[in-house]
Amino acid sequence: APLPKFLGQLGCAFIMIVLGVMIEITPFYILNALFTVFWVVGIMNSINMLDNMDGITSSISVVILVTILVMILLTGMLTSFYVIILVGVIAALCGFLYFNWHPAKMYMGDGGSQFLGAFLAFVSILFLWKFKVPDTGFICLQQFLLPIVVFLVPIIDTTTVFIRRIARGQSPFQGGRDHTTHHLAYCGLKDNQVAMTFVALSIVSAAFAIWMYGKMSVWSFSYSLLVIAYCLLVFIGMQILYEKGKRNKKMKDTL
């Protein structure tokens with residue numbers, strides 16, 4: 001049921017805020033707390049919603065966590081507590097992925113995807129949302145770019161589903177086979193090919209994010225434009241494939 005799940009997500013966000021794990025995007029505590037809730041609930045939902053085909057959520061999560069791990073190691077924090085935790089979760093996911101890859105013998109379910117979403121939101125707040133340039137006004141654009149690129153695949157999938165369901169007058173929390181993953185399958189890709197496509201896109205985004213991480217100290221507005229262009233390019237490309245899959249499904253249903 002959506003309501004208990006939503007309340008649980010709010011509870012996770014509340015615990016993080018109480019423990020001081022919060023995204024500081026403005027000088028105002030209440031706005032930061034509200035945005036932290038939005039991010040935690042959004043990531044938990046996006047990871048949960050992405051768990052709709054074999055191997056998708058587990059493989060994308062591995063790429064995201066490896067990306068964050070590389071960023072931590074680049075700072076020289078080789079013996080950090082978080083390095084140990086991240087390595088443990090990545091290893092657990094890789095072991096699970098062996099049985100979750102198509103044709104899957106094990107499934108994550110809400111329990112696994114909700115925990116994973118909360119964990120990803122937690123580590124992203126600690127390591128991806130910290131690049132706020134001092135004296136840049138009310139909100140710093142640069143601060144938003146790294147988290148968006150690292151989580152680009154689940155963000156695009158969730159945004160696409162939400163917008164299209166609302167446009168159809170449908171609840172965005174209602175389940176269905178209308179995700180970007182399903183529409184790639186409607187385009188003719190097999191389940192394992194869909195997963196590999198998403199993994200490849202995640203790896204490209206991860207490499208881009210690591211490049212961004214290395215440039216944060218010398219960031220310029222032209223870099224911001226480049227990142228925004230990349231995100232728009234991927235989003236538009238996904239919408240084109242979505243529409244192609246939608247047409248293929250409609251033609252198949254009318255036959």
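All of these numbers come straight from a predicted model, not from anything done at the bench. (Residues numbered from 1 in each chain as written. Predicted model: local features only at pLDDT ≥ 70, side-chain atom pairs only at ≥ 80, totals over all residues. Heavy atoms only, no water.)

Draft legend 1. Representation of the environment of Gly111 in the model. Tracing the sequence through the fold places Gly111 in helix 5 (residues 109–127). Given the relative accessible area of 61%, Gly111 is considered exposed. In this structure, the C-alpha to C-alpha distance between Gly111 and Ser80, residues 31 residues apart in sequence, is 28 Å. (Helix = DSSP H or I, 4+ residues; strand = E, 2+ residues; numbered from the N terminus. Buried < 20%, exposed > 50% of the residue type's maximum accessible area, 1.4 Å probe, protein only.)

Draft legend 2. Here's a closer look at unusual backbone geometry. Cis geometry marks the peptide bond from His102 to Pro103, where omega comes out at -5 degrees. Inspection of the secondary structure puts Pro103 in the loop between helix 4 (81–100) and helix 5.

Draft legend 3. Just the packing of aromatic side chains, in detail. According to the stated counting rule, one finds 17 aromatic pairs in the structure shown. With centroids separated by 6.0 Å and ring planes inclined at 40 degrees, the aromatic side chains of Phe35 and Phe38 adopt a geometry described as tilted. Of the two residues, Phe35 and Phe38 both sit in helix 2 (residues 29–50), three residues apart, roughly one turn of that helix. Owing to a relative accessible area of 17%, Phe35 belongs among the buried residues under this scheme. Put simply, the rings of Phe35, Phe38, Trp39, Trp129, Phe144 and Phe151 touch in pairs and so form one group of aromatic residues. (Phe/Tyr/Trp six-rings, centres within 6.5 Å; stacked < 30°, edge-to-face > 60°.)

Draft legend 4. Focus on the pattern of salt bridges. For the structure on display, the rule yields five salt bridges. As a salt-bridge pair, Glu243 and Arg164 come within 2.7 Å of each other at their nearest N and O atoms. One end of the pair, Glu243, is in helix 10 (residues 221–254); the other, Arg164, is in helix 7 (residues 152–167), and 79 residues separate them in sequence. For Glu243, a relative accessible area of 28% puts it in the partly exposed group. Of the charged contacts, one joins Arg168 and Asp178 as a salt bridge, the two residues approaching to 2.7 Å between their closest N and O atoms. One end of the pair, Arg168, is in the loop between helix 7 and helix 8 (180–186); the other, Asp178, is in the loop between helix 7 and helix 8, and ten residues separate them in sequence. Owing to a relative accessible area of 9%, Asp178 belongs among the buried residues under this scheme. The network of salt bridges with common partners includes Arg165, Arg168 and Asp178. (Salt bridge = Lys/Arg side-chain N within 4 Å of Asp/Glu carboxyl O.)

Draft legend 5. Structural detail: helix 3 (residues 56–74). When the terminal C-alpha atoms of helix 3 are compared, their 27 Å separation across 19 residues agrees well with the 27 Å that a helix rising 1.5 Å per residue should span. Just past helix 3, the residue Gly76 takes up positive phi, approximately 90 degrees. (Expected span 1.5 Å × (residues − 1).)

Draft legend 6. Examining the confidence of the model for the protein chain more closely. Of the residues in the protein chain, 97% have a pLDDT of 70 or more, and the chain-wide mean is 92. Per-residue pLDDT, averaged within each element of the protein chain, yields its smallest value for helix 8 (93) and its largest for helix 2 (96). (pLDDT = per-residue confidence, 0-100.)

Draft legend 7. Representation of the environment of Leu152 within the structure. Within the fold, Leu152 resides in helix 7. With a relative accessible area of 3%, Leu152 lands in the buried category. Taking C-alpha positions, Leu152 is 16 Å from Val123, a pair spaced 29 residues apart along the chain. The residues touching Leu152, leaving out its near neighbours within four places in the chain, are Ser205, Tyr230, Cys231 and Val234. (Contact = heavy atoms within 4.5 Å.)

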